[in-house]
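Chain and residue survey
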Amino acid sequence: MTISTLTLNDGSQVPWIAFGTGTALRDQDVRNPVESAIANGFTHLDGAQMYNNEESLGMAIRACGTQRSALFITTKLNGLQPDQTAKTALQVSLKKLGLEYVDLYLVHAPGHHAGRLKEVWKMMEECKREGLAKSIGVSNFDVAHLQEILESAEFPPSVNQVELHPYVWKSLQPVIALHKEHGIVTSSYGGLSPLFRVPGGPLDPVIEKIRERLESTRGQSVSVGQVLIKWLQQNDILVVTTSSKADRMRDYLDTANVPELTAEEVESIENAGAQHYYKFLVLSN
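Residues numbered from 1 in each chain as written. Predicted model: local features only at pLDDT ≥ 70, side-chain atom pairs only at ≥ 80, totals over all residues. Heavy atoms only, no water.

Turning to the sheet that holds strand β10 (residues 238–241), a few remarks are in order. Overall, parallel pairing links the eight strands, which are arranged β3-β4-β5-β6-β7-β8-β9-β10 in a closed barrel. Neighbour to neighbour, the strand axes of the sheet diverge by 30° on average, direction disregarded. Direction of pairing for strand β6 (residues 102–107) relative to strand β7 (residues 133–139): parallel, over a ladder of five bridges. When the bridges of β7 are listed, Val102 appears paired with Ala133. Those strands touched by helix α3 (residues 86–97) are β5 (72–77), β6 and β7, and its axis lies near 135° from that of β6. (Pairing = 2+ DSSP bridges. Helix = DSSP H or I, 4+ residues; strand = E, 2+ residues; numbered from the N terminus. Axes fitted to C-alpha atoms, helices over the stretch in contact; angles between N-to-C directions. Contact = heavy atoms within 4.5 Å.)

On to the side chain of Glu125, then. With respect to the element layout, Glu125 can be found in helix α4 (residues 117–129). For Glu125, a relative accessible area of 1% gives the class buried. Not counting residues within four places of it along the chain, the set of residues in contact with Glu125 comprises Ile136, Ala153, Glu154 and Phe155. (Buried < 20%, exposed > 50% of the residue type's maximum accessible area, 1.4 Å probe, protein only.)

Bringing the packing of helix α9 (residues 203–218) against helix α10 (residues 224–234) into the picture now. At a closest axis distance of 9 Å, the pairing of α9 and α10 adopts a crossing angle of 95°. On the basis of their axis angle, the class for α9 and α10 is roughly perpendicular. Contacts between α9 and α10 involve Leu203, Ile207, Glu208, Ile210, Arg211, Leu214 and Arg218 on the former and, on the latter, Val224, Gln226, Val227 and Leu228. Split into classes, the residues belonging to the contact of α9 with α10 amount to seven nonpolar, one polar and three charged. (Parallel < 35°, antiparallel > 145°, perpendicular 65-115°, else oblique. Nonpolar A, V, L, I, M, F, W, Y, C, P; charged D, E, K, R; others polar.)

In structure tokens, the structure reads:
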């Protein structure tokens, strides 16, 4: 299975869907789920220092036998200790992962570096210049945080990974507009949250109606999760998702084969999401 890619503003290509090692996998040995994810077709693995599982992620990468060049590995900068920099923190991650470089290195949360974002971003840029990270970006940044580092950035962020689903879509429009202005790819975590965090919400009947239409058009099963992932994909979002179940991993990847949503269906999802604002992960600013 060939996974299509998105082009980053530094020219790199990133697989449009990633297997994440956070959420339920945080602080866990992720060897089995990551090996399963790779065996089922994932090539983009999304990790983080905060998840406290980089060693087992590295073990899974080595055990799978896939060439390093065929994989896309992301990690994220946690809060810094007094004697640390973004560069030395990445060097520790690389040792844990057993890698010479990561494909993408993100500042995980702006609140970890209050008053020091420009300084931290300069060191992120050094990681890119030295080849320790092929691309650099941010996570959970709002407009003000992005503007703060863009003022003096040599390299603008390539990615901003944020909680993104229809219930926050309307509120994120200023951030997404700034992304488009600077060629920043929007990445989503928590994209399937509406299905299990807000059961019975205004989105549910809309998603089910679209699912039925897609299933009829396709002639084989389509899940409600695939409907939401398809909506993200058609909005050019880099999707990060996770599961410990192989059938769900295959389901997520199979979204690429699901028929396109119509413009009216896309609009109906966004209108339903705009009826209520639900944000499920709150990080410090």
